[in-house]
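Results of the structural survey
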Amino acid sequence: LSDSGQLYCADQAARKGDEASLSDALDLSASISEQNPLFEQSRQLSDHWSRSILLLARQKVETGGLKKGVALAQKIPKTSEIHAEAQALIQDWQGNWKNGEAIFQKARDAIQNQEWDQATEQVRNLVQLDSDYWQNRADKIVAEISIEQEAFSKINGAQEFANSENPEDIAKAIQMVSQIDPKRLARKRMAEKIDEWSQKLIDQAKAAQTNGDYESVIKAAQKVPPSSKVANEASAYLQMGRAGTLPKDGTLWSAIQAYALSTQIDPSTVVHGQRQEQRLKWEGQVQNWGQLAVA
C-alpha cells in the first residue's frame with residue numbers, strides 16, 4: 001500500500017480503540033518523515049490516536065494496572081501536542097501509587113496490631129488520593145477492619161480458656177482460633193497463640209512424666225495440633241505416655257511393647273534424652289525374660 005493507503009487503514013483500525021491497533025497506528029505515524037507530503041495529516045491523526053491511547057492508559061491505572069498504563073502513555077510520541085500532558089500524568093500516577101501503597105500498608109499494619117483508630121485514619125488518607133483504584137482499596141480496608149475485629153475477638157475469647165490448667169480447655173482454645181480464616185491478618189497472632197498454648201501442653205506433659213503420671217502425659221500431648229512447632233515433641237511424649245501406660249503385669253509381651261514404643265521416639269526431640277532411664281528398664285526386663293527362656 002502507498003503511505004496514504006497505510007494511513008487510511010491505520011485510522012480505520014484505530015477507530016476500534018483497542019491497544020494493539022492504536023499502538024500500530026502510532027508506530028506508522030512515527031515512520032513518516034517531515035519531508036513527506038502526508039506528514040501534516042499524519043501528525044493530526046497521531047494527536048487523535050494519542051488522546052485515545054492516553055484514555056486507555058488512564059483506565060489501566062484506575063483499575064490497578066499502573067505499569068501497563070505507564071507503558072501505554074509512554075507510546076505517545078514527542079511530536080504529539082499532548083506529550084507533555086502525558087508525561088505529567090505519568091509522574092502523578094507513579095507518585096500517587098507510591099503514596100497509596102505506603103498508606104495501604106500502614107492500614108494493614110494497624111489492623112494487625114489491633115490499632116483500629118489508626119487503621120481508620122489511613123482509610124481516610126487513601127480516599128484523599130482522589131483515585132477510583134485507591135477508593136476501592138479503601139472500601140476493602142473498611143470491610144477488612146470489621147472482619148479482622150471479629151477474628152481478633154475470637155483469639156481474645158479463646159485466651160480465657162487457655163488460661164486454664166485443664167488440657168481440655170487449652171485444646172478448646174486452640175480449636176477456637178484454628179477456625180479463623182488463614183487469609184485473615186489475624187493469622188500471625190493466631191499462629192503465635194497456637195504455639196504458645198501448645199508449649200503449655202508440652203510443659204504439662206513433661207511435668208506429668210516426671211511424676212510418673214503417664215495418663216496425664218497422654219491427655220496433654222494428644223491435644224497438641226500437628227501444625228504446631230512442638231508437634232514432634234508432642235508425638236514423642238505421646239509415645240512415652242503410651243509405653244508407660246501398658247499393663248504392668250510383668251510379662252515379656254508388655255516389656256517388649258513398652259520398649260518398642262520407646263525406640264520410636266524422634267531422636268531430635270528433648271524427650272529422646274529423657275526416655276533413656278525408662279528405656280533401659282524395659283530393655284532389662286526383656287533381657288531377663290530372654291535369660292529365663294534360655295535357662
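Heads up: the structure comes first, above all this text.
Source: prediction; values computed, not measured. (Residues numbered from 1 in each chain as written. Predicted model: local features only at pLDDT ≥ 70, side-chain atom pairs only at ≥ 80, totals over all residues. Heavy atoms only, no water.)

What follows is about the overall build of the chain. If you tally the helices and strands in the chain, you get 14 helices and 0 strands. Along the chain direction, N to C, the helices and strands of the chain fall in the order α-α-α-α-α-α-α-α-α-α-α-α-α-α. The buried share of the chain, taken over its 295 residues, is 41%. When contacts within the chain are restricted to residue pairs at least 6 apart in sequence, long-range pairs at least 24 apart make up 61% of them. Roughly 16,700 Å² of accessible area belongs to the chain as shown, and the carbon and sulfur atoms make up 49% of that amount. (Helix = DSSP H or I, 4+ residues; strand = E, 2+ residues; numbered from the N terminus. Buried < 20%, exposed > 50% of the residue type's maximum accessible area, 1.4 Å probe, protein only. Contact = heavy atoms within 4.5 Å. Areas by Shrake-Rupley, 256 points an atom, 1.4 Å probe, with all protein chains shown as cover.)

Take helix 1 (residues 3-14) next. Between its first and last C-alpha atoms helix 1 spans 16 Å; for 12 residues at 1.5 Å apiece the expected length is 16 Å, and the two agree. Of the positions making up helix 1, those classed as buried are Gly5, Leu7, Ala10, Asp11 and Ala14. (Expected span 1.5 Å × (residues − 1).)

In contact at an axis separation of 11 Å, helix 7 (residues 132-162) and helix 9 (residues 187-210) are set at 10 degrees when each is read in the N-to-C sense. It follows that helix 7 is roughly parallel to helix 9 by the angle criterion. Here Phe152, Ile155, Ala158, Gln159 and Ala162 of helix 7 lie close against helix 9, whose contacting residues are Arg189, Met190, Lys193, Trp197 and Lys200. Its residues placed into classes, the contact of helix 7 with helix 9 shows 6 nonpolar, 1 polar and 3 charged. (Axes fitted to C-alpha atoms, helices over the stretch in contact; angles between N-to-C directions. Parallel < 35°, antiparallel > 145°, perpendicular 65-115°, else oblique. Nonpolar A, V, L, I, M, F, W, Y, C, P; charged D, E, K, R; others polar.)

What follows covers unusual backbone geometry. Glycine aside, residues mostly have negative phi, and peptide bonds are mostly found in the trans state. Even without being glycine, glutamine 114 reaches a positive phi, approximately 60 degrees. Of note, glutamine 114 is situated in the loop between helix 5 (83-112) and helix 6 (116-127).

Trp49, Leu54, Trp93, Leu126, Trp134 and Ile141 are the most contacted members of the largest nonpolar core, which has 41 residues in total. Of all elements in the fold, only helix 1, helix 2 (19-30), helix 3 (39-62), helix 4 (66-73), helix 5, helix 6 and helix 7 reach the threshold of two or more residues within this core. A per-element tally of this core places helix 5 first, with 10 residues. Setting aside residues no more than four positions away along its own chain, tryptophan 49 makes contact with Leu7, Ala10, Asp11, Ala14, Leu22, Ala25, Leu26 and Ser29. (Core = buried A, V, L, I, M, F, W, Y, C linked by side-chain atoms within 4.5 Å.)

Moving on, we come to the packing of helix 7 against helix 8 (residues 167-178). Look at helix 7 against helix 8: their axes get within 7 Å of each other, and the N-to-C directions meet at 170 degrees. On the basis of the axis angle, helix 7 is roughly antiparallel to helix 8. Residues Lys154, Ile155, Gly157, Ala158, Phe161 and Ala162 of helix 7 pack against Asp169, Ile170, Lys172, Ala173, Met176 and Val177 of helix 8. Residue composition of the contact of helix 7 with helix 8, by class: 8 nonpolar, 1 polar and 3 charged.

What follows concerns the pattern of salt bridges. Under the criterion given, the structure shown has 10 salt bridges. A salt bridge links glutamate 81 to arginine 51, with the nearest nitrogen and oxygen atoms 1.8 Å apart. Of the two residues, glutamate 81 sits in the loop between helix 4 and helix 5 while arginine 51 sits in helix 3, which places them 30 residues apart along the sequence. Relative accessible area serves as the criterion here: at 41%, arginine 51 is assigned to the partly exposed category. Shared partners join several salt bridges into a network, and the residues in it are Glu148, Asp181 and Arg184. (Salt bridge = Lys/Arg side-chain N within 4 Å of Asp/Glu carboxyl O.)

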